[in-house]
Amino acid sequence: MRDSSGRSLARCHPGFAPCEPRAHGDGVHELGLFYPPALPPQSRVISQDMSQVDFDVGIIGGGPAGAAMGAYLAKAGVSCVVLERDIFPRPHVGESFVPSSTRIFKELDFLRVMEAHHFPKKYGATWTASPTVRPYSMDWKGVDGDCAPSDPSAITAESRADIRFEERAQPGVDQPYTYHVDRGLFDLALLQHARDLGAHVVEGLDVKHVDFRDGQDPDIVAKLGNKEIRTRVRLVADASGRKTLLGNQLKLKVSDPVFDQYALHTWFEDFDRGGGTTESNIHIHFLPITNTWVWQIPINDRITSIGVVTQKKNFLGSKESREKFFWDCLKKREDLWARVEKARAVRPLKEEADYSYAMTQFTGDRFLLLGDAARFVDPIFSTGVSIALNSARFASRDVIGALAAGSLERQSFSTFENTMRRGVKNWYDFITVYYRLNVLFTYFVQNPAYRLDVLKLLQGDVYEEEAPPVLSLMQKKVAEVEQNPNHVWHRVLGDLTANTFRNAAGANVR
Ligand SMILES: Cc1cc2nc3c(=O)[nH]c(=O)nc-3n(C[C@H](O)[C@H](O)[C@H](O)COP(=O)(O)OP(=O)(O)OC[C@H]3O[C@@H](n4cnc5c(N)ncnc54)[C@H](O)[C@@H]3O)c2cc1C
């Protein structure tokens, strides 16, 4: 790494500055959370020879995608650097996982770290709708019979459905649970793990752009104060999350034409999670407002993360402050509100907006996009971290092969790109059908004909099949309902993804 005058820099942590105590760290307790010591300093003087690369792979961003990429590459003996803008730990949205993450934790020998942190175990998922206020003034009686002719009680007036991961054996995953996490803790632990495996980690360094230098080894250009820092690498993995550094620079980013979701969230202390065996599940509470739902995620014994997800136009249309809008949404579910009222919000409300987009390509000559830097789909199924981890898993394989073959052109990364495209398309289709169904989705969870195939998706196994048959079946069912105004489900359909299924009725079900 060199500054603008070409002088090499001692690489130090954090952010090259003399290593000072961090804001959190060294056992600071916040809300009962124990933050482990900060990443210890790393330093190495880089060679003065500008013709050599500093690292084979430069990874921008140290979130789950970047840290896992660093860990996979370092484990394989590839020299790599992770350049992270923030100083960890820092808060982050995305606190509930799906079980496909476990494969990555196992491969990276990180499962024992997850266990040592005693993150809450997530055994399944629960969906609830208001027992009193019907979504869209819905007549549940009529829906019951039609939804589940063989079992009219399958969707009850309470409209509650649960699923447990252990119901379906998942190859390569030999525990019946995944985790909910404090992302401050989790991201720090994974980045530390990458470093322990041999990845270089630099925090506090804000990457500004990548200088691709006409097909030669690119420079990652960052700013440290008013100094420009250049890191020469053979190839770049952009894991900058929703900042989408390379996507913006190379103009690859396309806004999602359908999803324009908006979320407000915070942590509550002493929120009553409902007790019983499903207490540790993620809970998705449907609100009787179109396309709006609430997440309930346990963070530790005392803290529960609560978030409202809605369409941005609902928030803008309300003309309310973020705070008032958040509380008003929760009040729409009396049963939920009664529990929220007794709890105490312990963090400022955080907003997440404009988060659905795609990239026209995930790879190019000498670069790959990982995790959110490649694609963001709505978080309804807790998919983001799993996609980030899996993208690192698949990308690292191609990168290791490409470096060995000395071929860093786009085609060397095609297995990664095709696999990720397949996976995120399946997630996207699943989410699209979900938003059309809204609470009727629970029918497919409760119907034995669909349950295990739906569970496979909920477990995060979406990368192998081009189009999982259960998705085609669900799409076909929705298309039938769309085309039949007298169908008892018709008036309950959500409007967000309306007409997406117009052509699915005649489609072959694979
Ligand atoms: C409302 C909402 C709810 C969600 N809920 C869930 C959930 O329950 N479960 C789930 O799995 N996912 C969830 N997600 C998604 C999840 O947050 C992300 O998918 C996940 O964090 C992606 O990991 P990543 O490593 O790709 O990006 P990130 O975790 O965002 O990490 C990117 C890193 O890059 C760094 N960075 C950015 N720019 C630069 C730069 N210029 N230079 C250096 N570093 C940089 C950032 O500081 C950050 O640390 C949710 C998302 C939203 C919006």
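I will try to describe carefully the structure that is included in this document. (Residues numbered from 1 in each chain as written. Predicted model: local features only at pLDDT ≥ 70, side-chain atom pairs only at ≥ 80, totals over all residues.)

## Description of the overall build of the protein
So, step 1. Across its full length, the protein carries 14 helices and 23 strands.
So, step 2. When contacts within the protein are restricted to residue pairs at least 6 apart in sequence, those whose partners lie at least 24 apart make up 75%. (Helix = DSSP H or I, 4+ residues; strand = E, 2+ residues; numbered from the N terminus. Contact = placed C-beta atoms within 7 Å.)

## What to know about the site of the ligand
So, step 1. Near the ligand lie 40 residues; those nearest to it are Gly63, Gly94, Gly241, Gly371 and Gly384.
So, step 2. Of all elements in the fold, only α1 (64-75), β5 (80-84), β11 (206-211), β18 (303-311) and α10 (384-405) reach the threshold of two or more residues within the shell around the ligand.
So, step 3. With four residues, α10 is the single largest residue contributor to the shell around the ligand. (Near = placed C-beta within 6 Å.)

## Some points on the nonpolar core
So, step 1. Within the largest apolar cluster, 132 residues are counted, with the highest numbers of intra-cluster contacts made by Val57, Ile59, Ala68, Met69, Leu83 and Leu370.
So, step 2. With eleven residues, helix α11 (residues 414-437) is the single largest residue contributor to this core.
So, step 3. The residues contacting Ala68, other than those within four sequence positions of it, are Ile104, Leu108, Leu190, Leu389 and Ala392. (Core = buried A, V, L, I, M, F, W, Y, C linked by C-beta atoms within 7 Å. Buried ≥ 20, exposed ≤ 12 C-beta atoms within 10 Å, placed from the backbone.)

## Points about α1
So, step 1. Taking 1.5 Å of rise per residue, the twelve residues of α1 would be expected to cover 16 Å, and the 16 Å separating its terminal C-alpha atoms lies within 8% of that figure.
So, step 2. With eleven of twelve residues buried, α1 is to be regarded as a mostly interior element.
So, step 3. Here α1 has its buried residues at Pro64, Ala65, Gly66, Ala67, Ala68, Met69, Gly70, Ala71, Tyr72, Leu73 and Ala74.
So, step 4. Buried residues belonging to α1 abut β4 (55-60), β5, α2 (101-107), α5 (183-197), β13 (227-238) and α10. (Expected span 1.5 Å × (residues − 1).)

## Some thoughts on the packing of α10 against α11
For any two helices packed against each other, one specifies the inter-axial angle together with the distance between the axes.
So, step 1. Put simply, α10 and α11 touch, their axes get as near as 8 Å, and they point 160 degrees apart. One element, α10, and the other, α11, form an angle in the roughly antiparallel class. Both α10 and α11 take part in a crossing whose hand is right-handed. Contacts from Ile387, Asn390, Ser391, Phe394, Ala395 and Asp398 of α10 reach α11 at Thr415, Phe416, Thr419, Met420, Gly423 and Val424.
So, step 2. Looking at the contact of α10 with α11, its residues break down into six nonpolar, five polar and one charged. (Axes fitted to C-alpha atoms, helices over the stretch in contact; angles between N-to-C directions. Parallel < 35°, antiparallel > 145°, perpendicular 65-115°, else oblique. Left-handed = near helix turned anticlockwise from the far one by under 90°. Nonpolar A, V, L, I, M, F, W, Y, C, P; charged D, E, K, R; others polar.)

## Here we look at the packing of α11 against helix α14 (residues 469-483)
So, step 1. In the contact formed by α11 and α14, the axes pass within 10 Å of each other and the chain directions differ by 30 degrees. Of the possible angle classes, the one that applies to α11 and α14 is roughly parallel. The chirality of how α11 crosses α14 is left-handed. When α11 is examined against α14, the residues Asn426, Asp429, Phe430, Val433, Arg436 and Leu437 are found in contact with a partner set consisting of Leu471, Met474, Gln475 and Val478.
So, step 2. A per-class count over the contact of α11 with α14 returns six nonpolar, two polar and two charged.

## Quick look at the pairing of β13
So, step 1. Among the twelve residues in β13, nine count as buried, and that is most of the element.
So, step 2. Pairing analysis gives five bridges linking β4 to β13, with the strands arranged parallel. Directly across from Ile60, in β13, lies its bridge partner Asp238.
So, step 3. Pairing between strand β12 (residues 219-224) and β13: six bridges, direction antiparallel. Counted as the bridge partner of Leu224 is Lys227 from β13. (Pairing = 2+ DSSP bridges.)

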